[in-house]
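Observations on chain architecture
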Amino acid sequence: MNMNNWLLLLLLSFLWGGSFFFVEVALTELPIFTIVFLRVSMGAAILFVFILLTNRRIPGDRKMWFNFLVMGILNNVIPFCMITGGQQFISGGFASILISTTPFFGVVVAHLLTKDERINAGKILGVVLGLSGVSILIGFAPLRDGSNEFIGIIAVLGAALSYAFAGVWGKRFRSLGVDSVVIAAGQLICSTILLIPIMSIADKPWLLPVPSINVWGSVLGIALLSTSFAYIIYFKILSTSGATKVLLVTFLIPVSANLLGVLILSEEFHIQHLLGMFVIGIGLIVMDASDRVKISQKEAVES
């Protein structure tokens, strides 16, 4: 990770951190699948216009669109629906911290499914620390009481696992030489098509009252900033730094998400959340340090 990629990662964390805030506002008037459909469809439309204006080429072969379809399922449909559904029961700030488990899932998935991102002792220690941080976050009350909060927690952790698979699947685009904007648009177009029947059956959006200006503003924000623009940056980092590195953004997301939630939506931020986030952050440092040692050793051998 060079300085440019770290800056892009920081910007991406603010864009995706804002998505939890936008979802929180949208949920006051819209159902889950309608929010996700509006997010991906508007995001796809914005990127498609951008592609036309910048004279980029959209591939026409079926294999490429199959890759877009799988990426859309793993990176959009599953995690967006699970996060939005989970935020019905937990705050956006809490959800953003749970999503920071993604790199830990990513390390395990990358080890099982790739040859160039193998697990080592440092990564194992990082995973253990990360899971410890999650345990601190959750506490024992949701497990003991069987509350809806536990359902929200499981949903968001399921989204984190889906993101991990998406990070590994997305690596194939590096060798195919596809523009990051085209990748983002392709997966969003496929996600939009998949969500049309799901939303129509589950939400019957034509029967819903017209949303307020605040909700429309949130939908536009999540589509333009947290989806279209964010995915351009996401695939840029993925193409240069690998699946595990791009997933590190999830450690930075809770900062912006919690700030927005506390300052604007008056959400509560408990000391338990801060402690859990601290332990997860230590896990990040350990994982990153283990990669740096591995790279240094490889360079020493090659020289």
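Residues numbered from 1 in each chain as written. Predicted model: local features only at pLDDT ≥ 70, side-chain atom pairs only at ≥ 80, totals over all residues. Heavy atoms only, no water.

1. Regarding the overall build of the chain
When you go through the chain residue by residue, the secondary structure sums to 14 helices and 0 strands. The helix and strand sequence of the chain, counted from the amino end, reads α-α-α-α-α-α-α-α-α-α-α-α-α-α. Buried residues in the chain amount to 53% of all 303 residues. Sequence-distant contacts, at least 24 apart, represent 90% of the contacts inside the chain between residues at least 6 apart. Within the structure as shown, the chain displays about 14,000 Å² of accessible surface, and the carbon and sulfur contribution to it stands at 70%. (Helix = DSSP H or I, 4+ residues; strand = E, 2+ residues; numbered from the N terminus. Buried < 20%, exposed > 50% of the residue type's maximum accessible area, 1.4 Å probe, protein only. Contact = heavy atoms within 4.5 Å. Areas by Shrake-Rupley, 256 points an atom, 1.4 Å probe, with all protein chains shown as cover.)

2. Regarding a nonpolar patch on the surface
Taken together, the side chains of Val-255, Leu-259, Val-262, Leu-263, Ile-264 and Leu-265 make up a nonpolar region of the molecular surface, amounting to roughly 540 Å² of accessible area. On the secondary structure map, Leu-259 appears in helix α13 (residues 249–264). The exposure class assigned to Leu-259 is partly exposed, which follows from its relative accessible area of 48%. (Patch = residues over 30% accessible without salt bridge, like charges linked within 9 Å, V, L, I, M, F, W, Y side chains within 5 Å. Salt bridge = Lys/Arg side-chain N within 4 Å of Asp/Glu carboxyl O.)

3. Description of helix α4 (residues 92–99)
Counting buried residues along α4, 8 of its 8 residues qualify, which places the element largely inside the surrounding structure. Among the residues of α4, Gly-92, Gly-93, Phe-94, Ala-95, Ser-96, Ile-97, Leu-98 and Ile-99 are the ones counted as buried. Two or three places before Phe-94, at the opening of α4, Ser-91 has a side-chain oxygen 3.1 Å from that residue's backbone nitrogen. (Polar contact = N/O pair within 3.5 Å; in protein donor to acceptor, adjacent residues only side chain to side chain.)

4. Re the nonpolar core
Soluble globular proteins: nonpolar side chains tend toward being buried together. Membership of the largest hydrophobic core comes to 60 residues, with the highest contact counts inside it found for Leu-12, Trp-16, Phe-68, Ile-99, Tyr-231, Tyr-234 and Phe-235. Secondary-structure elements contributing two or more residues to this core are α1 (3–26), α2 (32–53), α3 (62–86), α4, α8 (148–169), α10 (180–203), α11 (213–241) and α13. When near neighbours in sequence (up to four residues on either side) are disregarded, Leu-12 contacts Ala-230, Ile-233, Tyr-234, Ile-237 and Val-249. By size, the runner-up hydrophobic cluster in this structure holds 6 residues, among which are Ile-97, Val-127, Met-277 and Ile-280. (Core = buried A, V, L, I, M, F, W, Y, C linked by side-chain atoms within 4.5 Å.)

5. Here we look at the pattern of salt bridges
By the definition in use, this model includes 1 salt bridge. A salt bridge links Arg-56 to Asp-179, with the nearest nitrogen and oxygen atoms 3.0 Å apart. Remark: Asp-179 occurs in the loop between α9 (172–176) and α10 and Arg-56 occurs in the loop between α2 and α3; sequence separation between them is 123 residues.

6. Let's talk about the packing of α4 against α8
Packing of α4 against α8 brings their axes to within 9 Å, and their N-to-C directions diverge by 40°. Taken together, the axis directions place α4 and α8 in an arrangement best described as oblique. For the crossing formed where α4 meets α8, the hand is right-handed. Contacts from Phe-94, Ala-95, Leu-98 and Ile-99 in α4 reach Glu-149, Ile-153, Val-156, Leu-157, Ala-159, Ala-160 and Tyr-163 in α8. (Axes fitted to C-alpha atoms, helices over the stretch in contact; angles between N-to-C directions. Parallel < 35°, antiparallel > 145°, perpendicular 65-115°, else oblique. Left-handed = near helix turned anticlockwise from the far one by under 90°.)

7. Quick word on the packing of aromatic side chains
As enumerated under the stated definition, the model contains 4 aromatic pairs in all. Ring centres 5.7 Å apart and planes at 20° place the aromatic pair Phe-68 and Phe-173 in the stacked group. Of this pair, Phe-68 sits in helix α3 while Phe-173 sits in helix α9, placing them 105 residues apart in sequence. Across the pair, exposure class does not vary: Phe-68 and Phe-173 are buried alike. Taken together, the ring pairs in this structure connect Trp-65, Phe-68 and Phe-173 into an aromatic cluster. The ring of Phe-80 carries Arg-39 above its face, with NZ or CZ at 3.7 Å from the centroid. The ring of Trp-169 carries Arg-172 above its face, with NZ or CZ at 3.5 Å from the centroid. (Phe/Tyr/Trp six-rings, centres within 6.5 Å; stacked < 30°, edge-to-face > 60°. Lys NZ or Arg CZ within 6 Å of the ring centre and 35° of its normal.)

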